[in-house]
Amino acid sequence: MDFTFSEDQLLFQDSVRGFLVNEITPERLRAGWDTDTGRDPALWQQLAEMGLTGLTVPEEHGGLGMDAVDFVLLAQECGYVALPEPLVNHALVAVPLLQDLGGELAAHWLPLAASGEARVIVALEQNLLAEDAHVADLLLLERGGEWFALTQGQFSCEHSESVDPGRRLFTVTVQAGATPVATGAAAAALRAASLNRGALGCAAQALGLAQRMIDLSVQYTAERKQFGKPIGSFQAVKHHMANVAVRLEYAKAPVHRAAFEVAENAAGASLAVAQAKLMACEAANLAAKNSIQVHGAMGYTWEVDLHIFMKKAWALANTWGDAGWHKQQVATAIFADGAALGAGATFQ
Amino acid sequence: MQLAFTEQQQAFRQEIREWLAANAPAEPLKTFDTEEGFQQHREWEAVLNHGRWGMVTWPEALGGRGCDLIEWLIFEEEYYRARAPLRVNQNGIFLLGPTLMEYGTEEQKARFLPAMAEGRDVWAQGWSEPGAGSDMAAIRSTAHLQGDKYIINGQKTWSTRAVWADWLFGMFRTDPGSERHRGLTFILVPLNTPGITVRPIPQLDGLPGFAEIFFDNVEVDVSNRLGDDGAGWAVAMATAGFERGLMLRSPARFQETARRLVELYRENEATASQDPHIREAVIRAYLDAESYCLSTYQTACRLSQGGKIGAESSTNKIFWSELDQNMHATAMSILGARAELLPHAPAAKGVGSWLDGWLFSQSGPIYAGTNEIQRNIIAERMLGMPR
């Protein structure tokens, strides 16, 4: 039993955090909202140079050969800065799916994914819309129980605007004549695995988003004075933030456990992921609710940065399986005859 | 990261499982808030100690097994799975014991620890006073050093299991001119000393689960002082650390409640499912109990690799106490009209111990530092918000 991250994993998290916090400032995020694609090829290049685009690509295809446990801490940091580039989808969902699809498709695209020359994006039918399809060099699309591997020109996109100006969502229309790369039971298994990975990515980012909202709120309430004192010294304000800290603290281990289960392709991965996403997105939603409250009217403005993180948290809670879907996963598991519950059942 | 138990850990689990199957009482003991039940629980502590299962984290020389925190969690899982009796001496073995090992002299360890482990000495805690609850530094009971004796005067209250306990560990003001947390001293007091009056206080269930204690010129030998004169605050704080908290409220307890709640829901699904909130609450109970377990294992692993516990440990008390309250509230909702019935009431068939648990869960957010105090600590020490 070793429920810890290695020194290397923690050091890598530190260096990625340092890079992201320096580079992905709220000013840069705002500037990106007004561009055509909302995405920044120079930034993607920087992520590639740090090894992040190839992190999960096997070494024989030019990557670092790491897994979901290695990536989960980095996904938290992506959440902390509300990274708009599709790194989490690419590295945590698309690259493992390409490996599972195998064959020439994988042999061709994995090296390009590793170097960052290609952005590979997964879109599930359950998600309604495809995130970042407009910048996908390869779109792995699940539809009607089949998987398609599409390059630009083989599909068209219609943009549906999100409340989060950092998100880019599309209705995808596939050109006639596309042939599926996976069908039947194989396709269903890939769908389930991809959903787990996508939901894990949301959960990890939600942890980072919640932490960012706490940090912004702590900073704001230390500066803002009323009745001659920083409002952060009032218990009513403190307790709002303490409540968030409690929920966030107990959402972390479930996310890390889910990463382990996903990396191991364990039978319990879906349940672990459902727990992780429910706990983490609930923490992030509470962080949003209490943070806007302690920001007062400033929190309701476009100008103050809080909304950047709040809106992303709201969006992630309802994609890659909304709360109802994941609760149903939990319910199916715990209300089953012979379900392994209670003391001593957690790690079996 | 490797989330599986080692063979050694599995063997340890098997060993305690088999021992409990052979030795744990077949019928539940009477509650230790009665004289008879208290005696039964004291005897059970002796049985546990005889099997070297009394306090597995203690060193072997003291009748323990030198277990690490992971093995402690495994022990607790098996203990709660087996529905073995609650620990009547938990204030002693979980709180004072480790503090004695840290601050006690060799003479004190030899004098107090074996008797504590065997259940011969059951301990009560004497911290709260009528004027010192959340504000513990407002303690006013005094201990005046005269020669080699402390002369104690004052009053302690809300002292759990003090009605039949043998000893009390408490904090007393030894420097009359001192204020707040300075000038306090940690003293161990035999409850049969002349000048002590223990007045039982009935709890919500009508049983005398705690007591107030009056000290009228009570003489205690100076050798009963733990740590230095005036250094009581630091000693007392050590009894409130993470590992002690883990001893007191390990995840197994709440996971078993969550498991029983799932069972209760399934048994009563026809009526319980009429309120959609109940199903949601059962799912949440499972999620939170699991999360508490996962988080505890993660922290225990980090500590056993030399990591340091931080201010985030103060989230623990709020999380488990609210979880416990929520789970029992849900059980009450499922039981509906039967929920209010006492377990022995003729019409109460099948309500089990939920009502007792519900009553007890009301105390969780209050004792060991109210949740409001915990929230202040989290905001100020963990988040760095201004005082």
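None of these values were measured; they are calculated from a predicted model.

A. The domain arrangement of chain B, seen in detail. Residue and element names in this part refer to chain B. Splitting chain B by domain gives domain 1 (7-88), domain 2 (123-233) and domain 3 (249-382). A straight line from the C-alpha centre of domain 1 to that of domain 3 covers 22 Å. Every contact between the two is made by 9 residues of domain 1 and, on the other side, 10 residues of domain 3. Here the side of domain 1 that touches domain 3 is built from residues that sort into 5 nonpolar, no polar and 4 charged.

B. Highlighting the sheet that holds strand 4 (residues 146-150) of chain A. Residue and element names in this part refer to chain A. As summarised here, the arrangement of the 3 strands in space is 1-3-4, forming an open sheet in which the pairing is mixed. For this open sheet the edge positions go to strand 1 (120-123) and strand 4, each flanked by a neighbour on one side alone. Here the average twist between neighbouring strands, direction ignored, is 15°. Here 5 bridges tie strand 3 (residues 138-143) to strand 4, and the two strands are oriented antiparallel to one another. Bridge pairing links Leu141 to Phe148 in strand 4. Relative to strand 1, helix 5 (residues 87-101) is tilted by about 85°, and along the sheet it contacts strand 1 and strand 3.

C. Focus on unusual backbone geometry. With phi around 70°, Leu128 of chain A is a residue other than glycine that occupies positive phi space. As for its placement among the helices and strands, Leu128 of chain A is situated in the loop between strand 1 and strand 2 (130-131). For Leu128 of chain A, a count of 12 C-beta atoms within 10 Å corresponds to the exposed category. One non-glycine residue with positive phi stands out, namely Arg161 of chain B, at about 60°. Here Arg161 of chain B is to be found in the loop between strand 3 (149-160) and strand 4 (167-173).

D. Just the environment of Lys289 of chain A, in detail. Residues and elements named next belong to chain A. Position of Lys289 relative to the elements: it lies in helix 9 (residues 269-295). Here Lys289 falls in the partly exposed class, since 15 other C-beta atoms lie within 10 Å of it. Counting along the chain gives 76 residues from Lys289 to Met213, while the straight-line C-alpha distance between them is 9.9 Å.

E. Main features of the sheet that holds strand 5 (residues 155-160) of chain A. Residue and element names in this part refer to chain A. Pairing is antiparallel in the open sheet, where 3 strands are placed in the order 2-6-5. Two strands bound the open sheet, and with one partner strand each, they are strand 2 and strand 5. Of the strand pairs in this sheet, strand 2 and strand 6 (residues 169-174) are connected by 2 bridges, and their pairing is antiparallel. Across the sheet, Glu131 pairs through a bridge with Leu169, a residue of strand 6.

Conventions and cut-offs
- Residues numbered from 1 in each chain as written.
- Chains lettered and ligands numbered in written order.
- Predicted model: local features only at pLDDT ≥ 70, side-chain atom pairs only at ≥ 80, totals over all residues.
- Domains from an automatic or database assignment.
- Contact = placed C-beta atoms within 7 Å.
- Nonpolar A, V, L, I, M, F, W, Y, C, P; charged D, E, K, R; others polar.
- Pairing = 2+ DSSP bridges.
- Helix = DSSP H or I, 4+ residues; strand = E, 2+ residues; numbered from the N terminus.
- Axes fitted to C-alpha atoms, helices over the stretch in contact; angles between N-to-C directions.
- Buried ≥ 20, exposed ≤ 12 C-beta atoms within 10 Å, placed from the backbone.

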